[in-house]
Amino acid sequence: MYYSDDIVEEVRTRNDIVEVISEYTGLKRSGNTYKCCCPFHNEKTPSFTVSKEKQMYHCFGCHVGGNVYTFIMKYENMSFPEAVQHLARRAGIQLPEEELSEADKRKKSRRERLFQVNRSAAAYFYYMLTKTERGQTGYEYLKKRGYSDETINRFAMGFADIYSDDLYKYLKSKNYTDDEIRSAGLVKYDERHGARDQFYNRVMVPILDLNENVVGFGGRVLDDSTPKYLNTRETEIFNKGRLLFAMQIARHSRRKGIILCEGYMDVIAMHQAGFDNAVASLGTAFTEGQAGLIKRYTTDVYLAYDSDVAGTKAAMRAIGILRHLDMKQKVIDLRPYKDPDEFIKNMGVDAFEERVKNAQTGRIFEIEHIVANYDLNNPEEKTEFMKAAGRLLAGIPDITERTNYIESIASKYFLNKDELKRIVTEVGLAGLAEEGLASYMEPDIVDNTNRQRDYQNGKKREDINPYEENEKYLLTLMVNNIELFDKLGKYISENDFTEGVVKEVAGKIFAQYRESGNVVPASILSSFEDAEAQEKVSEIFTKEFEFDTTPSMREKILTDIIIKIKTNNIDKALKSGQGVNRIELAKQKAELKKIKINL
């Protein structure tokens with residue numbers, strides 16, 4: 001660990017977990033907690049819970065959990081020290097100089113080496129494009145697309161040669177190891193061909209993170225071969241779902257909002273035209289993680305997706321994500337052209353500025369999309385259209401905004417305003433309102449983590465340690481009912497918890513209670529850096545029980561669980577046979593039957 005426990009705890013307490021996670025996801029209050037769809041796996045019913053009181057989160061779907069550090073580490077793909085630094089900056093805390101352990105030095109050194117190997121690759125690609133005869137093909141392609149030398153230099157665009165191992169040979173000459181080159185996603189290995197470059201015969205675009213480290217590359221073919229675009233695979237430093245191309249530039253733009261495009265070639269053309277607030281996702285559909293990244297800097301997003309069917313579908317999906325995070329969505333009409341680059345080349349910058357100014361709201365865009373499916377001259381189809389529009393309009397939480405939309409839609413499509421308002425009200429009361437026309441959660445996608453956990457929790461129940469589960473259960477009851485520490489003092493202590501990580505957690509919990517008379521779950525979690533341990537610890541602190549909470553039932557539950565835990569410990573001692581008095585242990589075991597908890 002880079003920093004002292006006191007520093008770590010100060011940074012944690014200055015970063016409220018609800019406020020931090022709200023910057024990334026659309027948290028909604030639900031009783032004493034906050035909920036949303038989990039940002040770490042695909043789901044349609046929210047199972048991601050955040051406790052303001054405990055300063056912890058837990059997903060009951062994929063079982064991830066932790067405190068504010070854990071969230072930042074997982075979401076931003078950061079190490080623990082990097083998460084401390086990130087949250088310290090957020091809270092305006094000046095950190096002391098780093099003191100690295102040997103293990104920390106190795107971790108930091110590895111990430112820096114991966115940044116360096118990517119930087120060297122970017123320099124090589126740029127050199128090939130601008131200084132060699134073989135790169136002339138790529139240079140001519142970029143010039144033909146209308147990119148200026150200034151733009152080529154600004155984005156450090158390059159060229160991957162026609163040979164399949166020239167980058168590999170170059171990086172080896174720079175003393176990078178095979179492991180570093182492979183881990184950066186720059187080469188692939190097979191037994192037949194050995195090391196082969198991931199990219200060849202493509203124009204190359206470096207992808208930078210917010211700190212302007214080169215974390216990956218995008219490559220575009222020069223002809224119509226496929227795949228047209230190829231990105232670096234995901235690595236230790238490159239997470240496609242949490243990065244946006246050119247965001248390191250766009251976040252400093254003086255223009256209003258962010259313009260979201262489909263590809264990085266569009267973004268480069270937009271920046272050349274003066275729209276330096278343009279960004280793009282990286283070969284994947286727009287994600288909630290990327291929306292959360294934008295939300296750090298603005299809540300205004302303009303969609304400049306292609307005007308074809310695929311672009312329209314992608315735009316509606318993005319609208320749903322942005323709306324879920326309480327961000328404003330507007331759609332730029334690029335017709336009659338397909339994409340922003342083509343529009344600007346044909347219509348000019350001023351015309352594009354005008355389209356941005358007149359961009360449609362996400363609701364209007366969705367309504368216009370569905371109206372095309374109905375003949376409004378047919379009374380039955382007109383009725384169906386009003387019902388479909390009503391489901392969308394009922395999803396608007398603000399009454400004034402909802403009323404304005406009803407009036408606008410009724411006027412535009414010659415609908416009876418009062419009747420449309422009645423439909424919207426009925427839909428809202430029936431709970432049938434839709435957040436958006438296109439759900440951004442694909443139903444046929446099953447998260448691998450979920451799939452694996454379902455298998456473990458279903459077909460492999462034998463892998464679960466029932467004794468550890470008993471101990472976790474009791475600790476959860478005690479943490480949620482702090483008075484139990486005193487009431488159960490004569491029956492149970494930290495020494496009775498002997499299973500796995502629960503033993504360590506119990507020691508910390510009991511020590512904290514003795515010192516302060518309270519338990520602060522989030523501070524205890526900070527001492528666990530292993531992800532698997534954090535998940536178990538967070539489950540202990542965040543689990544909620546749904547059972548009869550009458551005093552008599554609670555007394556019975558506590559009595560049974562304590563007897564099971566203490567019986568297990570005696571059985572283990574008897575089984576070990578080392579330095580034990582079997583007669584004494586047998587007496588202790590018999591005495592357990594007399595335990596009866598009275599609260």
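## Quick notes on the overall build of the protein chain
Line of reasoning, step 1. When you go through the protein chain residue by residue, the secondary structure sums to 27 helices and 16 strands.
Line of reasoning, step 2. Burial statistics for the protein chain: of 599 residues in total, 50% are counted as buried.
Line of reasoning, step 3. Relative to all contacts within the protein chain whose residues are 6 or more apart in sequence, the contacts with residues 24 or more apart total 65%.
Line of reasoning, step 4. If you sum the accessible surface of the protein chain, you get close to 29,800 Å²; carbon and sulfur atoms cover 47% of it.

## Overview of the pattern of salt bridges
Line of reasoning, step 1. Applying the stated rule across the entire model yields 26 salt bridges.
Line of reasoning, step 2. We note a salt bridge from E180 to R113, for which the minimum N-O separation is 3.0 Å. With E180 in helix α9 (residues 178–183) and R113 in helix α5 (residues 102–131), this residue pair connects regions lying 67 residues apart in the sequence.
Line of reasoning, step 3. A relative accessible area of 23% means that R113 is categorised as partly exposed.

## Topic: the sheet that holds strand β1 (residues 28–30)
Line of reasoning, step 1. Here we have five strands laid out as an open sheet, ordered β1-β2-β3-β4-β5, and antiparallel in their pairing. Edge positions in the sheet fall to β1 and β5 (65–66), since each has one partner strand and no second.
Line of reasoning, step 2. In this sheet, β5 lies alongside strand β4 (residues 56–59) in antiparallel orientation, the contact comprising two bridges. Paired with H58 across the bridge in β5 is G65.

## Observations concerning the packing of helix α21 (residues 466–480) against helix α26 (residues 551–576)
Working note: a packed helix pair is described by the angle between its axes plus the distance between those axes.
Line of reasoning, step 1. Where α21 contacts α26, the axes come no closer than 10 Å and their chain directions differ by 135°. By the angle between their axes, α21 is oblique relative to α26. Crossing of α21 over α26 shows left-handed handedness. Contact residues: Y467, N470, E471, Y473, L474 and L477 in α21; I557, L558, I561, I562, K564, I565, N568 and N569 in α26.
Line of reasoning, step 2. The residue inventory of the contact of α21 with α26, partitioned by class, reads nine nonpolar, three polar and two charged.

## Section: the side chain of D209
Line of reasoning, step 1. Here D209 lies in the loop between β9 (202–208) and β10 (214–221).
Line of reasoning, step 2. Buried D209, no salt bridge; nearest opposite-charge side chain is R111, N-O distance 6.1 Å.
Line of reasoning, step 3. Among the polar contacts listed, one links the side chain of D209 to the backbone nitrogen of N211, at a separation of 2.9 Å.
Line of reasoning, step 4. Excluding residues within four positions of it along the chain, D209 makes contact with F115, V215, L243 and Q248.

## Describing the packing of aromatic side chains
Line of reasoning, step 1. Taken as a whole, this structure holds 26 aromatic pairs when the rule is applied.
Line of reasoning, step 2. Consider the rings of Y337 and F343, whose centres lie 6.1 Å apart with planes at 85°: the pair is edge-to-face.
Line of reasoning, step 3. Stacked on the ring of Y75, the Lys or Arg R242 has its end atom at 4.7 Å from the ring centre.

## Comments concerning unusual backbone geometry
Line of reasoning, step 1. The residue after T226, namely P227, is reached through a cis peptide bond having omega -5°.
Line of reasoning, step 2. One can find P227 in the loop between β10 and β11 (229–231).
Line of reasoning, step 3. Residue P336 follows R335 across a cis peptide bond; omega there is 10°.
Line of reasoning, step 4. For P336, the location among the structural elements is in the loop between β15 (328–331) and α14 (340–347).
Line of reasoning, step 5. At A156, a position not held by glycine, the phi torsion is positive, near 50°.
Line of reasoning, step 6. The residue A156 is located in the loop between α7 (149–154) and β6 (158–160) in this model.

## Some remarks on the pairing of β9
Line of reasoning, step 1. Counting buried residues in β9 gives six out of seven residues, a clear majority hidden from the surface.
Line of reasoning, step 2. Pairing between β6 and β9: three bridges, direction antiparallel. In the strand pairing of β9, G158 is matched with M204.
Line of reasoning, step 3. Pairing analysis gives seven bridges linking β9 to β10, with the strands arranged antiparallel. In the strand pairing of β10, P206 is matched with F217.
Line of reasoning, step 4. A loop of five residues connects β9 with β10, the two strands running antiparallel in sequence, and E212 in this loop sits at a positive phi of about 65°.

## Observations regarding the packing of helix α16 (residues 362–371) against helix α18 (residues 399–412)
Line of reasoning, step 1. In the contact formed by α16 and α18, the axes pass within 12 Å of each other and the chain directions differ by 35°. Crossing geometry of α16 relative to α18 is assigned as right-handed. When α16 is examined against α18, the residues R363, I364, I367 and E368 are found in contact with a partner set consisting of Y405, I409 and K412.
Line of reasoning, step 2. Of the residues belonging to the contact of α16 with α18, the class tally is four nonpolar, no polar and three charged.

## So, the pairing of strand β12 (residues 258–261)
Line of reasoning, step 1. Alternating positions in β12 separate into two faces, I258 and L260 on one and I259 and C261 on the other, with burial throughout.
Line of reasoning, step 2. With three bridges connecting them, β12 and strand β14 (residues 300–303) associate as parallel partners. Looking at β14, one finds that I258 is bridged to V301.
Line of reasoning, step 3. Here β12 runs beside strand β13 (residues 278–280); their pairing, made up of three bridges, is parallel. For C261, the partnering residue across the bridge sits in β13 and is A280.
Line of reasoning, step 4. For the segment spanning β12, helix α11 (residues 264–272) and β13, crossover handedness is right-handed.

## Observations regarding the sheet that holds β13
Line of reasoning, step 1. Spatial ordering of the open sheet is given by β13-β12-β14-β15-β16, a layout of five strands whose pairing is mixed. Sheet topology places β13 and β16 (360–361) at the edges, where each strand pairs with a single neighbour.

## Some thoughts on the environment of K295
Line of reasoning, step 1. Positionally, K295 belongs in helix α12 (residues 288–295).
Line of reasoning, step 2. Relative accessible area serves as the criterion here: at 21%, K295 is assigned to the partly exposed category.
Line of reasoning, step 3. Here the alpha-carbon distance between K295 and S22, two residues 273 residues apart in the chain, equals 9.6 Å.
Line of reasoning, step 4. When near neighbours in sequence (up to four residues on either side) are disregarded, K295 contacts S22, E23, T25, L325 and M327.

## Here we look at the environment of Y127
Line of reasoning, step 1. Considering the arrangement of structural elements, one finds Y127 in helix α5.
Line of reasoning, step 2. With relative accessibility at 47%, the residue Y127 sits in the partly exposed group.
Line of reasoning, step 3. The spacing of Y127 and M157 is 30 residues in sequence and 9.5 Å in space, taken between C-alpha atoms.

## A word on the nonpolar core
Line of reasoning, step 1. Counting 63 residues, the largest nonpolar core has F245, I259 and F352 as its most contacted members.
Line of reasoning, step 2. Element by element, the count of residues in this core is highest for α5, at nine residues.
Line of reasoning, step 3. With residues up to four places along the chain from it excluded, the contact list for F245 reads F155, V205, P206, I207, Y264, V267, I268, A278, V279, A280 and L282.
Line of reasoning, step 4. Membership of the second largest hydrophobic core comes to 38 residues, among which are F485, V501, V505 and I597.

Analysis parameters
- Residues numbered from 1 in each chain as written.
- Predicted model: local features only at pLDDT ≥ 70, side-chain atom pairs only at ≥ 80, totals over all residues.
- Heavy atoms only, no water.
- Helix = DSSP H or I, 4+ residues; strand = E, 2+ residues; numbered from the N terminus.
- Buried < 20%, exposed > 50% of the residue type's maximum accessible area, 1.4 Å probe, protein only.
- Contact = heavy atoms within 4.5 Å.
- Areas by Shrake-Rupley, 256 points an atom, 1.4 Å probe, with all protein chains shown as cover.
- Salt bridge = Lys/Arg side-chain N within 4 Å of Asp/Glu carboxyl O.
- Pairing = 2+ DSSP bridges.
- Axes fitted to C-alpha atoms, helices over the stretch in contact; angles between N-to-C directions.
- Parallel < 35°, antiparallel > 145°, perpendicular 65-115°, else oblique.
- Left-handed = near helix turned anticlockwise from the far one by under 90°.
- Nonpolar A, V, L, I, M, F, W, Y, C, P; charged D, E, K, R; others polar.
- Lys, Arg positive; Asp, Glu negative; His and termini not counted.
- Polar contact = N/O pair within 3.5 Å; in protein donor to acceptor, adjacent residues only side chain to side chain.
- Phe/Tyr/Trp six-rings, centres within 6.5 Å; stacked < 30°, edge-to-face > 60°.
- Lys NZ or Arg CZ within 6 Å of the ring centre and 35° of its normal.
- Right-handed = clockwise from strand over helix to strand, strands pointing away.
- Core = buried A, V, L, I, M, F, W, Y, C linked by side-chain atoms within 4.5 Å.

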